[in-house]
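Fold and geometry: a report
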Amino acid sequence: MNDYEHCEIVVKKWATTSLNHERKGDKHTLKDLLFFLHVPRTGGRTYFHCFLKKLYSSSLECPRSYDKLRFDPSKEKCRLLVTHDDYSITSKLPRDRTSVVTILRNPIDRVFSTYEFSVEVAARFLVHPNLTSATQMVGRLRSKSKGVSTLDIWPWKHLVPWMREDLFARRDAREARGTNDVTSNDPYNMEDIVMPLLNYINDPIAHEIVHSGATFQIAGLTNNSYLPESHEVRHCVDKYHNLGDYVLQVAKTRLDNMLYVGLTEDHRESATMFANVVGQQVISQLVNSKAIGEGGTVNRSEPSSSFSDSELDQNTNSDEKGNGTTSSSDDNEVKQESMTVGKLMDTYEVCISGLRKAQTRRRIASLKRISPENFTKEARLRVPQMVLQRIQSLNKLDLELYEYAQGIFATQHKQAAGSLFYTEKLGSIFVYSGGIKLWDACLWTMPFVLLFIFLFVNAKRRTLKVKI
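Residues numbered from 1 in each chain as written. Predicted model: local features only at pLDDT ≥ 70, side-chain atom pairs only at ≥ 80, totals over all residues. Heavy atoms only, no water.

1. Some points on the overall build of the protein
Counted only if it meets this: Helix and strand assignments follow DSSP, with helices taken as H or I runs no shorter than four residues and strands as E runs no shorter than two, numbered in order from the N terminus. Working definition: with a 1.4 Å probe on protein chains only, accessible area under 20% of the residue-type maximum means buried, over 50% means exposed, and in between means partly exposed. In this description, contact between two residues means that some pair of their heavy atoms is separated by no more than 4.5 Å. Here the Shrake-Rupley method, with its probe set to 1.4 Å, supplies the accessible areas, and only the displayed protein chains count as covering residues.
Along the backbone of the protein there are 17 helices and 6 strands. Burial statistics for the protein: of 468 residues in total, 50% are counted as buried. Sequence-distant contacts, at least 24 apart, represent 80% of the contacts inside the protein between residues at least 6 apart. Carbon and sulfur atoms form 54% of the exposed surface of the protein, whose accessible area is close to 22600 Å².

2. Here we look at helix α1 (residues 3–20)
Under the convention used in this document: Each residue after the first adds 1.5 Å to the expected span of a helix. As used here, the arc is the angular range of directions from the helix axis to the C-beta atoms.
The end-to-end C-alpha distance of α1, which contains 18 residues, comes to 26 Å, matching closely the 26 Å that a straight helix rising 1.5 Å per residue would cover. All of the buried residues along α1 are C7, V10, V11, W14, A15 and S18. End-on view of α1: buried residues confined to an arc of 125°, all on one side of the axis. When the buried face of α1 is taken as reference, the exposed residues oriented beyond 90 degrees from it are K13 and N20.

3. Comments concerning empty space enclosed by the protein
Operational definition: A cavity here means a set of 1 Å grid points, computed over protein atoms only, where a 1.4 Å probe fits but cannot escape. A pocket is an open set with protein on both sides within 12 Å along at least 5 of 7 lines, and lining residues have an atom within 4 Å of a point. Grid points are joined across faces, edges and corners, and a volume is the space filled by probe spheres set on the points.
The final tally for this structure, using the stated rule, is 6 cavities of 30 Å³ or more. Considering every element that reaches the lining of the largest cavity, the biggest residue donor is strand β3 (residues 98–104), with 3 residues.

4. A few points about the sheet that holds strand β1 (residues 33–37)
Stated formally: At least two DSSP bridges between two strands are needed for those strands to be called paired. Axis angles are defined between N-to-C directions and span 0 to 180 degrees, where every axis is a line fitted to C-alpha atoms and, for a helix, only to the segment in contact.
What the 4 strands build is an open sheet, ordered β2-β1-β3-β4; its pairing is parallel. Where the open sheet ends on each side, the last strands, each with one partner, are β2 (80–83) and β4 (260–263). The sheet shows a mean angle of 15° between the axes of neighbouring strands, direction not considered. Each of β3 and β4 is contacted by helix α15 (residues 396–417), which is oriented at about 110° to β4, the strand it contacts most.

5. Structural notes on the side chain of R124
Our working rule: Under this definition, polar contacts are N or O atom pairs within 3.5 Å; protein pairs additionally need one hydrogen-donor-capable and one acceptor-capable atom, and for neighbouring residues in sequence, both atoms have to be side-chain atoms.
Of note, R124 is situated in the loop between α3 (107–123) and α4 (131–144). Taking relative accessible area as the criterion, R124 reaches 5% and is therefore assigned buried. Here the side chain of R124 touches E120 through a polar contact of 2.9 Å, side chain to side chain. At 3.1 Å, the side chain of R124 forms a polar contact with the side chain of S366.

6. Section: the state of the cysteines
In a disulfide, the sulfur atoms of two cysteines are held together by a covalent bond. Note the cut-off: Disulfides are defined as pairs of cysteine sulfur atoms found within 2.5 Å of each other.
One pass over the structure, following the stated rule, counts 3 disulfides. Here C7 is linked by a disulfide to C236, with a sulfur-sulfur distance of 2.2 Å. Disulfide C7-C236: torsion about the S-S bond near -70°, hence left-handed. Separated by 229 residues along the polypeptide, C7 in helix α1 and C236 in helix α9 (residues 230–239) bring together distant segments of the chain. There is a disulfide in this structure between C62 and C78, and the S-S distance comes to 2.1 Å. One quick way to see it: the torsion about the S-S bond of C62 and C78 is about 80°, and its sign makes the bridge right-handed. On the criterion of sequence distance, the pair formed by C62 in the loop between α2 (44–55) and β2 and C78 in the loop between α2 and β2 is long-range, its members being 16 residues apart. C62 gets classed as buried once you look at its relative accessible area, which sits at 3%. Ordinal numbering of bonded cysteines along the protein defines a disulfide pattern of 1-5, 2-6, 3-4.

7. Describing the layout of surface pockets
What counts is decided by this rule: Residue polarity follows a fixed list, in which Ala, Val, Leu, Ile, Met, Phe, Trp, Tyr, Cys and Pro are nonpolar, Asp, Glu, Lys and Arg are charged, and the others, Gly among them, are polar.
Here the largest pocket is characterised by a volume of approximately 1200 Å³. Lining the largest pocket are 41 residues, with R41, R105, S113, Q359 and R363 sitting closest to its centre. Secondary-structure elements contributing two or more residues to the lining of the largest pocket are α2, α3, α11 (267–289), α12 (341–367) and α13 (377–381). Broken down by element, the lining of the largest pocket gets its largest block of residues, 8 residues, from α12. Looking at side-chain class alone, the lining of the largest pocket contains 13 nonpolar, 14 polar and 14 charged residues. There is about 550 Å³ of room inside the second largest pocket. Together, 22 residues line the second largest pocket, and V237, D238, H241, L394 and L397 are the ones closest to its centre. Of all elements in the fold, only α7 (204–209), α9, α10 (244–256), α14 (385–394) and α15 reach the threshold of two or more residues within the lining of the second largest pocket.

What follows is the structure in structure tokens.
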């Protein structure tokens with residue numbers, strides 16, 4: 001038996017076993033446990049903070065969820081698990097009582113975003129005089145703090161230290177030359193300051209973690225997998241690309257069986273659909289089970305330990321520390337008895353605005369340390385075609401899976417558009433520039449319209465009587 005035949009047997013066996021374990025049944029109904037499979041750089045964090053933490057109280061979150069290293073299944077009655085773990089974590093969950101949701105992003109944009117975020121977080125450490133000082137400070141803070149750094153979270157626990165070491169090496173080289181002159185104005189090819197994008201995507205670490213990462217995460221085959229055979233399967237697929245068809249088949253089947261699949265690029269439609277498809281069922285489920293947080297209210301924003309990496313940066317302002325969520329207030333609290341999908345969306349809009357502002361402040365502060373490096377949408381458009389083609393060739397599995405997800409999303413959108421809850425939301429999201437909702441405007445004007453119709457009909461009747 002040659003190496004290819006061995007690999008084919010290994011991959012086929014894994015694929016067959018995976019497909020046989022797929023749960024059959026009603027995928028449209030929310031089960032007892034909601035597992036949000038968060039693919040990095042897809043916007044899942046906003047859904048966690050601005051949707052799910054508004055619905056589920058902390059007592060209902062599974063231990064070590066989202067911001068911890070690994071899942072702890074000790075809390076059997078938890079209702080929510082949000083994590084960067086791959087699909088293999090479902091081997092630890094009650095599959096017949098678990099619904100899975102996820103969001104996918106255009107693979108090319110996701111690679112760009114992963115590169116940019118790796119640089120952004122790594123740049124925060126440049127406040128230190130050297131790499132040794134930075135790593136020692138990180139060690140001291142992590143030993144004292146109960147919070148969780150980005151360095152604890154997959155895949156950033158691999159990507160950020162790699163980029164951090166590179167940034168310090170390039171800064172040391174500039175200091176040794178005695179100049180800070182930069183020979184390029186292309187932020188994706190500014191090798192005097194940061195690892196060029198082309199070098200990044202061609203590095204073995206990116207091959208291991210970044211490329212076609214969404215497919216491998218949904219297939220349960222990342223280097224963070226719970227499956228003992230995951231490394232060998234991934235190695236075989238990387239070596240013999242045609243075997244990737246088996247991985248795609250498993251990933252597509254799992255998307256088919258998910259309660260919800262969103263798209264980063266269709267943000268408004270995805271958020272509205274999430275509120276209707278997932279949020280509405282969560283509201284009903286929690287109200288019926290009387291599981292909503294203390295005081296009979298849907299959970300308000302709570303401080304979270306996730307993404308507390310900015311604590312490592314002593315120059316960061318206090319309002320940029322922690323997760324950057326909007327602060328709690330009575331305004332954000334939604335009473336259980338009056339909770340609707342429309343109100344959930346209104347709360348989401350307020351939350352996401354604050355979250356984006358905090359993220360922008362943090363990003364600007366980080367990139368200042370590697371000025372004139374600055375990532376923009378306009379700069380992306382100037383990246384050479386050769387680099388884009390290279391990204392495409394390295395992410396063929398993700399490109400095909402994303403196209404498949406677009407089909408699922410279109411079907412979901414069509415089904416949701418005809419539902420009562422979707423109609424309710426449409427009546428509340430469109431507003432005049434002055435802030436008056438069209439639905440409210442209709443309610444205010446309806447009596448006048450009815451009065452006009454009544455007077456018009458009576459006038460007609462009087463006219464007819466005169467003619468007779």
